[in-house]
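Chain by chain, the residues run as shown.
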Amino acid sequence: DQQVKQNSPSLSVQEGRISILNCDYTNSMFDYFLWYKKYPAEGPTFLISISSIKDKNEDGRFTVFLNKSAKHLSLHIVPSQPGDSAVYFCAVHTNAGKSTFGDGTTLTVKP
Amino acid sequence: EAGVAQSPRYKIIEKRQSVAFWCNPISGHATLYWYQQILGQGPKLLIQFQNNGVVDDSQLPKDRFSAERLKGVDSTLKIQPAKLEDSAVYLCASSLGAGLNTGELFFGEGSRLTVL
């Protein structure tokens, strides 16, 4: 049973426009929700996170939204840049230290 | 600050052979993870250590996989004997410790295993 689902394997947007990546999770026992970015031949790197007690967190061009009633997490990138092209993983984390990842969305930002 | 170090970066073996991967986490990080990432999928947890104790190894195929973290620092992950379906990238990650951070994991570059 997959606890974290990213239903869009890929997303293509034009440079300067908004990128919206989505993630759904299946239970309410998580304490933090995170997004990681991965370039080819590298390990994932942390991008942004949100606590379960908040509904929005912003860091520069990146904003994460959490809708607990819908069990839905989204990442907005505005404006999108070609360097943002990568695989984005959402993850859920418990205070016991366990992180579970989705299968990723490949974002392509076209110049 | 040095990141998470992993070796080897690439390994090609034949099925039924054995292989070992090494990980050195960020200094001071109490929690160490091994994840398996198969092409097109997200990282899947194999084992989680807190210092030198195992916190979660429920998804580790214990008939062929083993892992240890001696002295609560470096860790090794071994596969013996390897199967074709073990072809994947093995990612090591570390964090400050359960309850001490907001869930951010620091990953190494990974060890890519190909089993022929």
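It should be noted that the structure appears before, not after, this text.
Definitions and limits used
Residues numbered from 1 in each chain as written. Chains lettered and ligands numbered in written order. Predicted model: local features only at pLDDT ≥ 70, side-chain atom pairs only at ≥ 80, totals over all residues. Heavy atoms only, no water. Helix = DSSP H or I, 4+ residues; strand = E, 2+ residues; numbered from the N terminus. Buried < 20%, exposed > 50% of the residue type's maximum accessible area, 1.4 Å probe, protein only.

A. Looking closely at unusual backbone geometry. Residues Ser 7 of chain B and Pro 8 of chain B are joined by a peptide bond in cis, for which omega reads -10°. Residue position: Pro 8 of chain B is located in the loop between β1 (5-7) and β2 (10-13). Note the cis peptide between Gln 80 of chain B and Pro 81 of chain B, where omega equals -5°. Tracing the backbone through its elements, the reader meets Pro 81 of chain B in the loop between β8 (75-79) and β9 (88-95). Phi at Lys 71 of chain A is positive, roughly 55°, even though this residue is not glycine. Mapped onto the fold, Lys 71 of chain A is located in the loop between β7 (62-67) and β8 (72-77). Exposure remark for Lys 71 of chain A: the relative accessible area of 24% places this residue in the partly exposed category. Notably, Lys 71 of chain B is not glycine yet its phi reads approximately 60°, a positive angle. Relative to the helices and strands, Lys 71 of chain B resides in the loop between β7 (65-68) and β8.

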